[in-house]
Amino acid sequence: MDADAAYAPPATYRPGYELVAERILQLIAELELSPGDRMPTENELAERMGTSRTVVREAVKILSALGRVRAQKGRGLYVADDDGMLGSSRWGGIFLPTDLDHVYMLFEFRRVQETAAARHAATRATPAELRAIEAAADLCREGHLTGQAALFDRGDDDFHLAVAAASHNQFLVAAVREARRLQRQSNIIGMNGAVGSHTAEAVQEHAAIYQAIRGGDPEAAAAAAAVHVDRTLEDYRREIQRRVFG
């Protein structure tokens, strides 16, 4: 037996439909398909990928739910289009959720967005917007304390979007929303929907961001947002290491 093979880490099991979903995204990129373009049929995809039509159908369901593929009854499959303000379909068209380089670039992009949003929110947030940020942070905390992952995730999304809204910059709002949508795709397709154990720290980091915004300190708010994104990325890296090396 080859020495490298003998010490290779065990492969982490992933359902077939997740692997096929990933391969469909790669195929869209290889074929240079644009939003609105027609894709190969389910039968053609199954033949290309050496799998069953049932597995392809399950993969398509995931990609449809994530907004990457659109199935039209009687007409076939299409690359999803999104006429969002920043042309989010263009971003989705180049983002591969399981490509680590793409994921790390996305975190880098999030750092730029969210530090800017927090900095502006510290000088522009209205009392109502401060209450929305605080309520989202509380919801996130409740999800963590009660072990309700869906509640935590909802609070997390609400928090970051509330901070962006308080920046009073509609382009930042759209950018934050789209980056978080793409990261969610990476979590679902590449990480089976669960990433790391950063929830307790995230609750504290949200509180630090909120306090800095409430205190009207733009630099402290930006610094707290940067810490939050950086620590989330580190947690993501640890989870990848755990899945690869056990």
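Everything here concerns the structure above.
The structure contained in this document is the topic of the report that follows. (Residues numbered from 1 in each chain as written. Predicted model: local features only at pLDDT ≥ 70, side-chain atom pairs only at ≥ 80, totals over all residues. Heavy atoms only, no water.)

Of note, Glu32 is a non-glycine position whose phi angle comes to about 55 degrees, a positive value. With respect to the helices and strands, the residue Glu32 is situated in the loop between helix H2 (16-30) and helix H3 (42-49). The phi dihedral of His168 is positive, around 60 degrees, even though this residue is not glycine. Along the chain, His168 turns up in the loop between helix H8 (149-166) and helix H9 (170-191). (Helix = DSSP H or I, 4+ residues; strand = E, 2+ residues; numbered from the N terminus.)

Moving on, we get to the pattern of salt bridges. Enumeration according to the criterion identifies 14 salt bridges in this entry. Linked through salt bridges whose partners overlap, the residues forming this network are Asp156, Asp157, Arg180 and Arg184. (Salt bridge = Lys/Arg side-chain N within 4 Å of Asp/Glu carboxyl O.)

What follows covers the pairing of strand S1 (residues 69-72). Relative to strand S2 (residues 76-79), S1 runs antiparallel, the two sharing 4 bridges. In the strand pairing of S2, Arg70 is matched with Tyr78. Connecting the antiparallel pair S1 and S2 is a turn made up of 3 residues, with Gly74 showing a positive phi of about 80 degrees. (Pairing = 2+ DSSP bridges.)

Here the focus is the nonpolar core. If you look at soluble globular proteins, the nonpolar side chains tend to sit buried side by side. Counting residues in each nonpolar core, the largest one holds 20 residues, and the members touching the most others are Ile133, Phe159, Val163, Ile209, Ile213 and Ala221. Counting residues per element, the ones that place at least two in this core are helix H6 (100-124), helix H7 (127-146), H8, helix H10 (199-214) and helix H11 (218-245). Filtering out sequence-adjacent residues up to four positions away, Val163 remains in contact with Ala117, Ala118, Ala121, Ile133 and Ile213. Counting residues in hydrophobic clusters, the runner-up holds 18 residues, among them Val20, Leu27, Ala59 and Val79. (Core = buried A, V, L, I, M, F, W, Y, C linked by side-chain atoms within 4.5 Å. Buried < 20%, exposed > 50% of the residue type's maximum accessible area, 1.4 Å probe, protein only. Contact = heavy atoms within 4.5 Å.)

What follows concerns H8. Counted at 1.5 Å a residue, the expected span for H8 with its 18 residues is 26 Å, and the 26 Å between its end C-alpha atoms agrees. Buried residues of H8: Leu151, Phe152, Gly155, Asp156, Phe159, His160, Ala162, Val163, Ala164 and Ala166, and no others. (Expected span 1.5 Å × (residues − 1).)

Attention now goes to H7. Compared with an ideal rise of 1.5 Å per residue, which puts 20 residues at 28 Å, H7 spans 28 Å between its outermost C-alpha atoms and is within 8% of the ideal. Every buried residue of H7 is accounted for by Glu129, Leu130, Ile133, Ala136, Ala137, Leu139, Cys140 and Gly143. Next to the buried residues of H7 lie H6, H8 and H10. A positive backbone phi angle near 70 degrees is found at Gly147, which sits one or two residues after H7.

Once that is clear, we can look at the environment of Ser167. Topologically, Ser167 is positioned in the loop between H8 and H9. Along the backbone, Ser167 and His120 are 47 residues apart, and their C-alpha atoms lie at a distance of 4.7 Å. Each residue touching Ser167, except ones within four places of it in the same chain, is listed here: Ala117, His120, Ala121, Arg124 and Leu172.

Honestly, it's all geometry; don't read function into it.
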